[in-house]
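# Descriptive analysis of the structure
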Amino acid sequence: MRFPFALSAKIAAHIIKHKLRRTPKFAMVLQLEPLHTCNLTCTGCGRIREYSTSLKDMVPLDQCLAAANDCDAPMVSICGGEPLIYPQIEELVNGLLQQGRIVYICTNGMFMRKKMVDYLAASYSPALEPTLKDLLDQGLISSKQAETIRQGKRDGRPVIRPTQWMYWNVHVDGLEYTHDLIVEREGVFKECVEAIKMAKRLGFQVATNTTVYRETDVREIEDMFRFFSWLGVDGHTISPGYDYDAAKKDMMKRLGKRPEDFFLTRKMTVEKFSRILDWGKAFTIFGTPVYQEFLAGKRELTCTAWAIPTYNVKGWKAPCYLMTDGHYPTYREMLEKVDWEKYGVVNGVARDPRCENCMVHCGYDPSGALGTNYQRGDHWKNFKYNFWPRPPRYERGHEIQAFNGASIGKGHLAEAKAALKATACGTPHPNGVESPHAGSFCGSGDTSEREALLAKVQTAKQT
Ligand code: SF4
Ligand code: SF4
């Protein structure tokens with residue numbers, strides 16, 4: 001089966017239950033943001049910018065668990081910020097699993113191996129030695145970490161264990177060169193790959209999570225799918241990048257760029273996703289075939305943002321993951337008080353100008369599952385997609401040039417920073433925040449650096 005039977009059955013039962021009860025609006029996936037702090041500063045990330053004044057705030061654990069109960073979504077995507085920075089992430093994951101939910105940990109991958117070392121330490125017995133040897137041979141753990149694992153874990157805290165009810169959902173926006181460029185730090189792609197390899201060896205389920213931008217080369221995305229399929233990744237989420245409020249403002253103010261130079265319009269989204277139905281056949285793409293048809297421009301859907309609500313330090317964010325017109329204390333209150341008819345695009349006309357170019361999964365993927373804009377055969381199509389055999393692993397992944405950046409000596413960020421240092425360094429960073437990138441506030445994503453980096457990507461691709 002494309003997805004584990006228990007998971008597909010749980011989601012199907014949730015939809016059928018609400019259809020029978022004629023519930024007008026209900027949650028399918030909770031986007032839970034326990035914090036907005038992150039160790040990266042990706043270009044185009046609205047979160048760390050919109051919530052820049054509350055980066056130190058966190059949703060208490062009991063409130064996170066109560067939010068899941070409040071909306072009762074069968075799936076919870078723990079995002080942020082970087083959720084592995086949340087001090088009680090283990091308790092949160094285990095609490096959600098105890099509630100019977102399917103959990104996705106949306107991570108940039110940088111702390112995954114550390115969490116898996118914790119898991120191994122908590123599970124250690126001599127029977128684990130062959131696994132440790134394998135991980136050491138593959139360079140996925142260090143000798144020091146192996147020793148830590150052998151000493152066991154004694155702090156009494158839970159760990160994140162492999163289960164069919166949980167996925168690591170790793171943010172990867174391309175192969176090495178491109179991904180490191182977008183996350184504005186070298187080495188991140190390589191770390192993601194190592195973390196994915198380790199997770200698969202330990203029996204975790206792993207998905208990747210990709211945003212497609214205007215400059216994304218879809219042939220590279222296909223190669224990326226092939227590469228991760230070869231590594232045994234269990235599924236892929238892919239969504240068009242959208243010029244949501246916070247990222248748009250940041251792009252204009254901080255980077256001095258026009259959002260239309262970076263994000264996709266509807267027309268461009270359809271062009272980029274013209275082959276998504278083929279991708280759905282060749283790879284385990286998450287999302288319904290109905291949503292895939294929408295992305296490929298073959299049909300219209302109506303936004304159902306209420307089905308993927310977002311909860312964070314300020315409450316229930318309305319109307320959607322991308323735009324903020326208010327926060328509400330309960331999911332029910334948000335459902336009742338928001339005028340949902342004001343949002344989305346209907347018959348090609350944007351009800352709100354900010355929705356005009358939006359085709360993102362958190363607005364439209366549930367529409368495909370819930371049967372809004374139903375066309376004959378849709379339910380069968382969705383059923384078949386979920387319950388049919390999984391596409392086979394791509395066997396020639398070793399031929400993909402995945403490591404086309406820093407790890408083969410093309411240190412694009414370092415080169416660009418060095419070139420820019422002479423002119424850009426010494427000038428305070430425009431938002432007054434020192435970049436986390438080593439040594440200086442260069443590398444903060446200012447326009448000149450970004451363009452230099454993009455030029456280097458183009459040159460690298462041609463050579
Ligand atoms: S990893 Fe990047 S996209 Fe994700 S929260 Fe951090 S800065 Fe934003
Ligand atoms: S179309 Fe829906 S998901 Fe997209 S920005 Fe508008 S309200 Fe949000």
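Residues numbered from 1 in each chain as written. Chains lettered and ligands numbered in written order. Predicted model: local features only at pLDDT ≥ 70, side-chain atom pairs only at ≥ 80, totals over all residues.

### What about the overall build of the protein?
Assigned secondary structure in the protein consists of 19 helices and 11 strands. Counting all 463 residues of the protein, 46% fall into the buried class. In the protein, the proportion of contacts linking residues at least 24 apart, taken out of those at least 6 apart, comes to 78%. (Helix = DSSP H or I, 4+ residues; strand = E, 2+ residues; numbered from the N terminus. Buried ≥ 20, exposed ≤ 12 C-beta atoms within 10 Å, placed from the backbone. Contact = placed C-beta atoms within 7 Å.)

### Here's the deal with the site of ligand 2
What surrounds ligand 2 is a group of 14 residues, the closest being C303, C320, C355, C358 and G363. Of the residues contributing to the shell around ligand 2, the split by class is 11 nonpolar, 2 polar and 1 charged. (Near = placed C-beta within 6 Å. Nonpolar A, V, L, I, M, F, W, Y, C, P; charged D, E, K, R; others polar.)

### Notes on the site of ligand 1
In the region of ligand 1, 13 residues are neighbours, and C38, L40, C42, C45 and N108 sit closest. Classifying every residue of the shell around ligand 1 gives 6 nonpolar, 5 polar and 2 charged.

### Thoughts on the packing of helix α3 (residues 61-71) against helix α4 (residues 89-98)
Packed helices, taken two at a time, are described by the angle between their axes plus the distance between the axes. The N-to-C vectors of α3 and α4 enclose an angle of 30 degrees; their axes lie 10 Å apart at closest approach. In terms of axis orientation, α3 runs roughly parallel to α4. Two packed elements cross with a definite hand, and for α3 against α4 that hand is right-handed. On the side of α3, the interface is formed by L61, C64, L65 and A68, while α4 contributes E91, L92, G95 and L96. (Axes fitted to C-alpha atoms, helices over the stretch in contact; angles between N-to-C directions. Parallel < 35°, antiparallel > 145°, perpendicular 65-115°, else oblique. Left-handed = near helix turned anticlockwise from the far one by under 90°.)

### Observations concerning the nonpolar core
Ranked by internal contacts, the top residues of the largest apolar core, which has 116 residues, are L30, V76, I78, V103, A199 and V206. For this core, the element with the highest residue contribution is helix α9 (residues 188-201), accounting for 8 residues. Setting aside its immediate chain neighbours within four residues, V103 contacts V76, I78, V93, L96, L97, W165 and M166. (Core = buried A, V, L, I, M, F, W, Y, C linked by C-beta atoms within 7 Å.)

### Examining unusual backbone geometry
Of the consecutive residues G80 and G81, the connecting peptide bond is found in the cis state with omega at 15 degrees. As for its placement among the helices and strands, G81 is situated in the loop between β2 (75-78) and α4. In this structure, R22 is a non-glycine residue whose phi angle is positive, near 55 degrees. With respect to the secondary-structure elements, R22 resides in the loop between α1 (5-21) and β1 (29-32). Residues other than glycine seldom take positive phi values, yet E184 does so here, at roughly 60 degrees. Inspection of the secondary structure puts E184 in the loop between α8 (176-182) and α9.

### Let's talk about the pairing of β1
Covered by surrounding structure in β1 are V29 and Q31 together with L30 and L32, the residues of both alternating faces. For β1 and β2, the ladder comprises 4 bridges, and the chain directions are parallel. By the bridge assignment for β2, L30 is matched with V76. Summarising the sheet, β1 and strand β7 (residues 310-312) pair through 2 bridges and their orientation is parallel. Within the sheet, the bridge partner assigned to L32 lies in β7 and is Y311. (Pairing = 2+ DSSP bridges.)

### What to know about the confidence of the model for the protein
A residue-level look at the protein finds 85% of positions with pLDDT of 70 or above and a mean pLDDT of 86. Across residues 422-449 the pLDDT falls below 50, and counting only partners more than four positions away or on other chains, this stretch makes 41 contacts in the model. (pLDDT = per-residue confidence, 0-100.)

### A few points about the environment of R185
Relative to the helices and strands, R185 is located in the loop between α8 and α9. For R185, a count of 24 C-beta atoms within 10 Å corresponds to the buried category. For the pair formed by R185 and L40, sequence separation is 145 residues and the distance between their alpha carbons is 7.6 Å.

### So, the packing of helix α5 (residues 112-123) against α9
Direction vectors running N to C along α5 and α9 enclose 25 degrees, while the axes themselves pass 9 Å from each other. Considering their axes alone, α5 and α9 lie roughly parallel with respect to each other. When you trace α5 past α9, the crossing you get is left-handed. For the pair α5 and α9, the contacting residues are M112, R113 and M116 in the first and E194, A195, M198 and A199 in the second. The residue inventory of the contact of α5 with α9, partitioned by class, reads 5 nonpolar, no polar and 2 charged.

### Quick look at the sheet that holds strand β9 (residues 324-328)
Neighbouring strands of a sheet are bound in pairs by backbone hydrogen bonds; such pairs are parallel or else antiparallel. Pairing in this open sheet of 9 strands is mixed, and the strands run β6-β5-β4-β3-β2-β1-β7-β8-β9 from one edge to the other. Every interior strand has two partners, whereas the edge strands, β6 (235-240) and β9, have only one. Each adjacent strand pair in this sheet contributes to an overall mean axis angle of 25 degrees, direction not counted. With 3 bridges connecting them, β7 and strand β8 (residues 315-319) associate as antiparallel partners. Pairing of N312 across the sheet is with G315, part of β8.

### Thoughts on the pairing of β6
The element β6 is extensively covered by neighbouring structure, given that 6 of its 6 residues are classed as buried. Where strand β5 (residues 205-212) and β6 come together, 6 bridges link them in parallel fashion. Each bridged residue has a counterpart across the sheet, and for T208 the counterpart in β6 is H236. At this point the chain moves from β5, through helix α10 (residues 218-230), to the parallel β6, and the crossover so formed is right-handed. (Right-handed = clockwise from strand over helix to strand, strands pointing away.)

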